[in-house]
Amino acid sequence: DGSVWQHTQGFSNILDKTPVTSGTQFRLGSISKMFVSWSIMKLVEQGKLNLNDRLAQLAPEIEFINPWEQQYPVRDVHLLEHTTGWDAPHFAESSYNEPEPLSTLDGLTLHPHSRQSRWIPGSRSAYNNTGPTVAAYIVEKLSGITFEAFVHQNFFAPLGMTKTNYFLTQHYKNNAAALYKGQRPLPYENLVNRAAGALNSDLEDMLKLIQFLRNSGAHNSQPTLSAESLAI
């Protein structure tokens, strides 16, 4: 609760020698998944969802194959714990890169074949981006708004994370660290599994996130998520 120490170094653009600042935007990858889990827990707190709810009952429109579905169904908790038994996204999902981002549901209908349980759900863990993306769709279905809007209303806005987003905004364009493969700059990619890995933010907003975690789910003494939900 005292003063905050922060440090930056390096260049956000190698060619221009633009220095990294506390406002430089970075793509934060799988930190995105934290907000999926918190959104699900927010719905649990609101009584709209249970972690043991079956995916097939909540969202029958989501295609998947589970040979053990009758006795060992895929449940909400498996989506968050990476215990569905599903593959990592296949090439058709990972290679998508069009100028306009897809909706969460359209992204999930692009190539459902990666969603096949290779063992009994819940019996072992295998990291993938597909489970959290399906969980994000459940958030959309139960809340009636997009996943990104739900996260903004329940987390970004209350925490004052005004510069955090999932899309290629003008603010990102003006402040982003260049993406490189070796020395070659890369274009921005609109990920199909956006909820699982497309978060853009900067050091200033991430400090607010750290303070939220340090305060057990509260911001300025106002709970955004209960300490119990955060602990799960």
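Residues numbered from 1 in each chain as written. Predicted model: local features only at pLDDT ≥ 70, side-chain atom pairs only at ≥ 80, totals over all residues. Heavy atoms only, no water.

(A) Molecular detail of the packing of helix H1 (residues 32-45) against helix H10 (residues 203-214). Across the interface, H1 lies against H10 with an axial gap of 13 Å and an inter-helix angle of 45°. The pairing of H1 with H10 is recorded here as oblique in orientation. Seen from above, H1 lies across H10 with left-handed handedness. Residues Met34, Phe35 and Trp38 of H1 form the contact with H10, whose participating residues are Leu209, Phe212 and Leu213. When grouped by side-chain class, the residues that make up the contact of H1 with H10 number six nonpolar, no polar and no charged. (Axes fitted to C-alpha atoms, helices over the stretch in contact; angles between N-to-C directions. Helix = DSSP H or I, 4+ residues; strand = E, 2+ residues; numbered from the N terminus. Parallel < 35°, antiparallel > 145°, perpendicular 65-115°, else oblique. Left-handed = near helix turned anticlockwise from the far one by under 90°. Contact = heavy atoms within 4.5 Å. Nonpolar A, V, L, I, M, F, W, Y, C, P; charged D, E, K, R; others polar.)

(B) Representation of H1 in the model. With 14 residues, H1 should reach 20 Å at 1.5 Å per residue; the first-to-last C-alpha distance of 21 Å fits that figure. The buried fraction of H1 amounts to ten of the 14 residues, a majority that puts the element mostly inside the structure. Contacts made by the buried residues of H1 are with helix H3 (76-81), helix H6 (130-143), helix H7 (147-159), helix H9 (194-197), H10 and helix H11 (227-231). Phi turns positive, to about 75°, at Gly47, one or two residues after H1. (Expected span 1.5 Å × (residues − 1). Buried < 20%, exposed > 50% of the residue type's maximum accessible area, 1.4 Å probe, protein only.)

(C) A look at H7. A rise of 1.5 Å per residue sets the reference length of H7, with its 13 residues, at 18 Å; its end C-alpha atoms lie 17 Å apart and thus fit the reference within 8%. A bend of about 40° at Gln153 is the largest found in H7. Listed in full, the buried residues belonging to H7 are Phe147, Glu148, Phe150, Val151, Asn154, Phe155, Phe156 and Leu159. On the buried face of H7, the contacting elements are H1, H6, H9, H10 and strand S7 (218-219). Gly160 sits one or two positions beyond H7 and adopts a positive phi of about 75°. (Bend = angle between axes of the 7 residues up to and from the residue.)

(D) Structural context of the packing of aromatic side chains. Evaluation of the coordinates by the stated rule reveals ten aromatic pairs. With 5.9 Å between their ring centres and 65° between their planes, Phe147 and Tyr166 make a pair best called edge-to-face. Taken together, the residues span a long stretch of sequence, with Phe147 in helix H7 and Tyr166 in the loop between H7 and helix H8 (170-175) at a distance of 19 residues. We note that Phe147, like Tyr166, is buried. Ring centres 6.4 Å apart and planes at 75° place the aromatic pair Phe155 and Phe212 in the edge-to-face group. (Phe/Tyr/Trp six-rings, centres within 6.5 Å; stacked < 30°, edge-to-face > 60°.)

(E) Focus on the pattern of salt bridges. Enumeration according to the criterion identifies seven salt bridges in this entry. The shortest N-O distance in the salt bridge between Glu61 and Lys141 comes to 3.1 Å. In this pair, Glu61 sits in the loop between helix H2 (55-58) and H3 while Lys141 sits in helix H6, placing the two residues 80 residues apart along the sequence. Note on Glu61: relative accessible area 34%, which makes it partly exposed. Residue Asp205 pairs with Lys208 through a salt bridge whose shortest N-O separation is 3.8 Å. With a gap of three residues between them, Asp205 and Lys208 both fall in helix H10, about one helical turn apart. A relative accessible area of 0% means that Asp205 is categorised as buried. (Salt bridge = Lys/Arg side-chain N within 4 Å of Asp/Glu carboxyl O.)

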